[in-house]
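# Tertiary structure, described
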Amino acid sequence: MFQLVNVMEVLVSQVIEEVIKSDKTICNCRRCRLDMSAIALNNLPTKYVVTVQGEVLHRTSVLRNQCKVDIIRALTEAIKIVRKNPHHSRED
Ligand SMILES: [Zn+2]
């Protein structure tokens with residue numbers, strides 16, 4: 001069971017949860033979280049790996065330490081953009 005995973009996408013979804021939990025002023029609706037993830041991921045390098053199930057967690061924990069500063073920087077920028085122009089009111 002091999003699968004292709006963009007580790008950066010996994011990491012961004014993990015880090016965004018932490019960031020949202022630590023700052024209650026960030027909108028936590030699904031639309032805003034997806035918008036923030038999309039903007040951050042467009043500004044981060046993709047990191048594709050081939051994994052088998054169970055291997056994903058190990059690889060992400062190593063890469064997470066290497067990339068966390070960049071991810072937080074990209075997310076901080078994404079949060080600013082979404083906050084200025086949120087899409088949730090039109091969509092939800
Ligand atoms: Zn929202």
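Bear in mind that the values here come from a model prediction, so they are computed numbers and not experimental data.

## Examining the pairing of strand β2 (residues 48-52)
Within β2, only zero of the five residues are buried, which leaves the element largely exposed. In this structure, strand β1 (residues 2-6) lies alongside β2, joined through five bridges in antiparallel fashion. Bridging from a neighbouring strand, Phe2 pairs with Val52 of β2.

## Quick notes on helix α2 (residues 30-42)
Along an α-helix, residues three or four apart share an orientation, since each turn contains 3.6 residues. Its 13 residues place the ends of α2 18 Å apart at the C-alpha level, agreeing with the 18 Å of an ideal helix rising 1.5 Å per residue. Among the residues of α2, Cys32, Asp35, Met36, Ala40 and Leu41 are the ones counted as buried.

## Describing the packing of helix α1 (residues 7-22) against α2
Following both chains from N to C, one finds α1 and α2 inclined at 135°, their axes separated by 10 Å at the closest point. As far as their axial angle goes, α2 and α1 are oblique. Relative to α2, the crossing made by α1 is right-handed. Here α1 contributes Met8, Glu9, Val12, Ser13 and Ile16 to the contact with α2, which in turn contributes Arg33, Met36, Ser37, Ala40 and Leu41. The residue makeup of the contact of α1 with α2, split by class, is six nonpolar, two polar and two charged.

## Examining the environment of Val62
Checked against the element boundaries, Val62 lands in helix α3 (residues 55-84). A count of 10 C-beta atoms within 10 Å places Val62 in the exposed class.

## A closer look at the environment of Pro45
Locating Pro45 in the fold gives a position in the loop between α2 and β2. For Pro45, a count of 9 C-beta atoms within 10 Å corresponds to the exposed category. Expressed as a C-alpha distance, the spacing of Pro45 and Asn65, which sit 20 residues apart in the sequence, is 15 Å.

## Digging into α1
A rise of 1.5 Å per residue sets the reference length of α1, with its 16 residues, at 22 Å; its end C-alpha atoms lie 23 Å apart and thus fit the reference within 8%. For α1, every residue scored as buried is listed here: Met8, Leu11, Val12 and Ile16. In a view along the axis of α1, the buried residues occupy a sector of 135°, so they form one face of it. Seen from the open side of α1, the exposed residues pointing more than 90 degrees away from its buried face are Glu17, Glu18 and Lys21.

## Describing the confidence of the model for the chain
Predicted coordinates in regions of low pLDDT should not be interpreted in detail. Within the chain, residue pLDDT values average 90, and 92% of them lie at 70 or more. Confidence, expressed as mean pLDDT per element, reaches its minimum in the chain at helix α4 (residues 88-91) with 68 and its maximum at α2 with 97.

## Looking at the environment of Ser13
Structurally, the position occupied by Ser13 is in helix α1. On the basis of neighbour counts, which here come to 14 C-beta atoms within 10 Å, the residue Ser13 falls in the partly exposed class. Separated by 21 residues in the primary sequence, Ser13 and Leu34 have C-alpha atoms spaced 9.0 Å apart.

Rules behind the numbers
- Residues numbered from 1 in each chain as written.
- Predicted model: local features only at pLDDT ≥ 70, side-chain atom pairs only at ≥ 80, totals over all residues.
- Buried ≥ 20, exposed ≤ 12 C-beta atoms within 10 Å, placed from the backbone.
- Helix = DSSP H or I, 4+ residues; strand = E, 2+ residues; numbered from the N terminus.
- Pairing = 2+ DSSP bridges.
- Expected span 1.5 Å × (residues − 1).
- Axes fitted to C-alpha atoms, helices over the stretch in contact; angles between N-to-C directions.
- Parallel < 35°, antiparallel > 145°, perpendicular 65-115°, else oblique.
- Left-handed = near helix turned anticlockwise from the far one by under 90°.
- Contact = placed C-beta atoms within 7 Å.
- Nonpolar A, V, L, I, M, F, W, Y, C, P; charged D, E, K, R; others polar.
- Arc of directions from axis to C-beta.
- pLDDT = per-residue confidence, 0-100.

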